[in-house]
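Breakdown of the fold
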Amino acid sequence: MNHFSKASVLTLISVLTFVIGWELYWRSQHLALSYNDDESLWAHTRKEIYQTSPSRPVLIGSSRVKFDLDLAAWQRVTGEKPVQLALVGTSPRPLLNDLANDPNFKGTVIIDVTEGLFFTPDGSFPEREATKRVEFYPKWSLSQQLSFHINHLLEDHLYFLDEERLSLQPLLTDLPIPPRPDTWGGPKFPKEFSVTRFDRQNVMTDAMVADTSIQNQVKAMWLEIGSHSPKQGVDGPLLTAILNSVKQSVDRIRARGGKVIFVRMPSDGPFREAEKMGYPREKYWDRLLAHTQTAGIHFEDYPVLSKYQCPEWSHLAPKDAITFTEDFIPILQQKTGWPINVNGAKVPATTASLSTHQ
């Protein structure tokens, strides 16, 4: 064996030793397998919107609809799984506009409204990631698609490919380096907070659900985000412009035979109190429904939905997400009159008196 061959074998052994060791290390940390919720996974999911129905809606919004509506439970109840297009920490309005501008989309949309993200000016930070995904989708090349499918096969088995939690950049942010004065590098959520499944469902880890210290870390992040966020929502002509834009998108979808509903997912504790102060319901939620002449389901209007508690004030634990979804679907069916195929589920009595415009 020549020197080149020996060097190649040594390099291969070194690389394999490092990769195996790195993988075993992360498995020893009791982290659950998670998929990269990147542009390619979103584009892959976006391709499914043309086969949607009231029993298989498109979900857009922020993180709450990704945690709180359990896709597997929905499929078990209706026989079909929703298309999950929501994005963590973003406004759904660019996604709503994308669906409205797609002449081939005539499906059903459930829009998650988190007021602090939904009611933001065009082009503001909460819209950037959603806009990035919308712009990426038509440019998703064949080579990128091939790479995505190959990577998916590897992600099924390898923890260390989790770029959102375990790549160099997020690991560097974990270093105990104090921030410079008057600067903020953004929130740093614990790795145990949640994982992403291939269908883009977000799920709290078992450690997050069981360990109040981890929950308190996430609560601290919400308080930190709140300290860097506006205390009052948009108002005046800017709010009117946002409502007009949403109405235009909703009207275009309905003009093609599509269906739309807004939903307000649970939150509680100091988080909910801050939302009530900054975004009073009558000024934002109620006005959104009236302005767009669209039905809405607000968790506080239904005891069966408001009974749930969020471990970190803003999202449901996995077990609660399952029963919340089972409770939510019959309400959606009754509220809208949509032909949802509920497999023997009992429709609860309505306790809300919101608009029922379609």
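Located above this text is the structure these notes cover.
Before going into details, it helps to say that this report is about the structure given with it.

Parameters and conventions
The numbering scheme is per chain: residues are counted from 1 as the chain's sequence reads. Local features in this predicted model are restricted to residues whose pLDDT is 70 or higher, and side-chain atom pairs enter the listing and the counts only when it is 80 or higher, whereas totals over whole chains, interfaces and linings include all residues. Calculation of side-chain values draws on the structure's entire complement of heavy atoms; hydrogens and water are dropped beforehand. Two rings belonging to Phe, Tyr or Trp (six-membered ring only in the last case) form a pair when the distance between their centres is within 6.5 Å. Interplanar angles under 30 degrees mark stacking, angles over 60 mark edge-to-face geometry, and anything in between is tilted. For a lysine, the NZ atom is tested; for an arginine, the CZ atom; a charge sits over a ring if that atom is within 6 Å of the ring centre and within 35 degrees of the ring normal. Take the buried residues of types Ala, Val, Leu, Ile, Met, Phe, Trp, Tyr and Cys, join any two whose side-chain atoms come within 4.5 Å, and each joined set is a nonpolar core. Exposed residues in this analysis have more than 50% of their type's maximum accessible area, buried residues have under 20%, and partly exposed residues fall in between, with area computed by a 1.4 Å probe over protein chains only. Under the DSSP-based scheme used, a helix requires at least four consecutive residues in state H or I and a strand at least two consecutive residues in state E, with every element numbered from the N terminus. The arc in question is the one traced by the directions running from the helix axis out to the C-beta atoms. Between two residues, a contact is recorded if the distance between any of their heavy atoms is within 4.5 Å. Only strands joined by at least two bridges in the DSSP assignment are considered to pair. Convention adopted: a line fitted to C-alpha atoms gives each axis, helices being fitted over their contacting stretch, and angles between N-to-C directions are expressed from 0 to 180 degrees. Crossing chirality is assigned from the near helix's rotation relative to the far helix, an anticlockwise turn below a right angle marking it left-handed and a clockwise turn marking it right-handed. Gly is put with the polar residues, along with every residue not named as nonpolar or charged; the nonpolar set is Ala, Val, Leu, Ile, Met, Phe, Trp, Tyr, Cys and Pro, and the charged set is Asp, Glu, Lys and Arg. For patch building, the residue pool is restricted to those with more than 30% relative accessible area and no salt bridge; the joining distance is 9 Å between like charges and 5 Å between nonpolar side chains (Val, Leu, Ile, Met, Phe, Trp, Tyr). Under the convention used here, a 1.4 Å probe and the Shrake-Rupley method define accessible areas, while residue burial counts only the protein chains that appear. Salt bridges are defined as contacts in which a side-chain nitrogen from Lys or Arg sits within 4 Å of a carboxyl oxygen from Asp or Glu.

Turning next to the packing of aromatic side chains. The final tally for this structure, using the stated rule, is 14 aromatic pairs. Taken together, the ring pairs in this structure connect F67, F189, F193, W222 and F271 into an aromatic cluster. Taking NZ or CZ as reference, R64 lies 5.1 Å from the ring centre of F271, over its face.

What follows is about the nonpolar core. The biggest cluster of nonpolar side chains holds 33 residues, and the ones touching the most others in it are I60, F119 and F262. Elements that contribute at least two residues to this core include exactly β1 (58-60), α5 (93-100), β3 (108-112), α7 (125-136), α13 (236-255), β6 (259-264) and α15 (285-292). The dominant element in this core, judged by the number of residues it contributes, is α13, at six residues. Grouped together as the second largest cluster of nonpolar side chains are 27 residues, L69, I297, L316 and L332 included.

By the burial criterion, the buried members of helix α14 (residues 269-278) are F271, R272, E275 and G278. Across the axial projection of α14, the buried residues extend over an arc of 135°, all falling on one side. Its buried side turned inward, α14 meets α3 (63-68), α6 (115-118), α12 (212-227), β6 and β7 (296-298).

Attention shifts here to the sheet that holds strand β2 (residues 83-84). Taking strand neighbours across the sheet as the criterion, the five strands line up as β2-β1-β3-β6-β7 in an open arrangement whose pairing is parallel. Edge positions in the open sheet fall to β2 and β7, since each of these has one partner strand only. Here three bridges tie β6 to β7, and the two strands are oriented parallel to one another. Bridge pairing links F262 to G296 in β7.

Right, let's get into the side chain of E275. Residue placement: E275 occurs in helix α14. Setting aside chain neighbours within four positions, we find E275 in contact with R64, T114, E115, R264, S267 and P280.

Another aspect to go through is the packing of helix α2 (residues 39-46) against α7. With their axes 10 Å apart at the nearest point, α2 and α7 run at an angle of 65° to one another. Like other packed secondary-structure pairs, α2 and α7 cross with a definite hand, here right-handed. For the pair formed by α2 and α7, the contact residues are E39, S40, W42 and A43 on the first element and K132, R133, V134 and F136 on the second. Considering only residue class, the contact of α2 with α7 consists of four nonpolar, one polar and three charged.

We now examine a nonpolar patch on the surface. A cluster of nonpolar residues, L12, L16 and I20, forms a patch on the protein surface that exposes about 290 Å² of accessible area. Along the chain, L16 falls in helix α1 (residues 3-28). Judged by its relative accessible area of 45%, L16 is partly exposed.

Relative to the helices and strands, A100 resides in helix α5. Residues A100 and G258, spaced 158 residues apart in sequence, show a C-alpha to C-alpha distance of 9.6 Å. When sequence neighbours within four positions are dropped, the list of residues in contact with A100 reads S249, R252, I253 and R256.

Fair warning: the whole summary comes from geometry, so function is off the table for now.
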